[in-house]
Amino acid sequence: MQDPTLVPEVRVCAASDLANGGLGVKVPVLDGAGQTTAFFVRYQDRVHAYLNRCAHVGVELDWEGSFFTRAGDLLMCARHGATYQPDTGLCVGGPCKNGRLTALTVTERDGVVYWQPTGKIVPREDA
């Protein structure tokens, strides 16, 4: 695994690729548990990013890139319906109530979304 202190900022996507309450963008990552993905979504005009792992059982949340409920107001685990606040990652419904998604550091500038890897979550080198 890469030394997390040496991991440069990662270009994720064009800012226009993320619409409020719309589809997310996934990036392959490694964390302490192995291979998974991180996801990036827009909510109330701000980009948010999380490790794609449900706080309840650790499965990926999305179904074909869809992370939001139909109303676009909550993130939802497609496997068992746990719901999360998009801006904080706090579980507000389902079996993981009061659990939390693992947030990532994300910035948006000059029309591009960037992720700054920190800690044990790093981009996969083979992706």
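What counts and how
Residues numbered from 1 in each chain as written. Predicted model: local features only at pLDDT ≥ 70, side-chain atom pairs only at ≥ 80, totals over all residues. Heavy atoms only, no water. Pairing = 2+ DSSP bridges. Helix = DSSP H or I, 4+ residues; strand = E, 2+ residues; numbered from the N terminus. Axes fitted to C-alpha atoms, helices over the stretch in contact; angles between N-to-C directions. Disulfide = S-S within 2.5 Å. Buried < 20%, exposed > 50% of the residue type's maximum accessible area, 1.4 Å probe, protein only. Core = buried A, V, L, I, M, F, W, Y, C linked by side-chain atoms within 4.5 Å. Contact = heavy atoms within 4.5 Å. UniProt positions renumbered as here; feature names shortened; annotations may be inferred.

A. Structural view of the sheet that holds strand β1 (residues 10-14). If you walk across this open sheet you meet the three strands as β1-β9-β8, and the pairing is antiparallel. This sheet does not close on itself; its edge strands, each paired only once, are β1 and β8 (105-109). In this sheet, adjacent strand axes meet at a mean angle of 25° when their direction is disregarded. In this structure, β8 lies alongside strand β9 (residues 112-116), joined through five bridges in antiparallel fashion. The residue of β9 that forms the bridge with Arg109 is Val112.

B. Examining the state of the cysteines more closely. Summed over the entire model, instances satisfying the criterion amount to one disulfide. Here Cys91 pairs with Cys96 through a disulfide, and the sulfurs are 2.4 Å apart. As the torsion about the S-S bond is roughly 80°, the Cys91-Cys96 disulfide counts as right-handed. Given the relative accessible area of 1%, Cys91 is considered buried. Here Cys96 falls in the buried class, since its relative accessible area comes to 7%. No disulfide involves Cys54; its sulfur sits 4.0 Å from the nearest other cysteine sulfur, which is in Cys77. When its relative accessible area of 3% is taken as the criterion, Cys54 is described as buried.

C. Spotlight on the nonpolar core. One finds Val12, Leu18, Val29, Phe40, Leu104, Val113 and Trp115 to be the most contacted residues of the largest nonpolar core, which totals 17 residues. For this core, the elements supplying multiple residues, two or more each, are β1, β2 (25-31), β3 (34-43), β4 (46-51) and β9. Discounting chain neighbours no more than four positions away, the residues touching Trp115 are Glu9, Val10, Val12, Val27, Val29, Phe40, Leu104, Thr105, Ile121, Val122 and Pro123. If you look at the next biggest cluster of nonpolar residues, it comprises 15 residues, including Val41, Leu61, Phe68 and Cys91.

D. Spatial organisation of the UniProt feature "domain: Rieske" (unreviewed entry) in the protein. In the numbering used here, UniProt assigns the feature "domain: Rieske" (unreviewed entry) to residues 10-115. What you have in residues 10-115 is 0% helix and 42% strand, and the ends, taken at the C-alpha atoms, are 5 Å apart.

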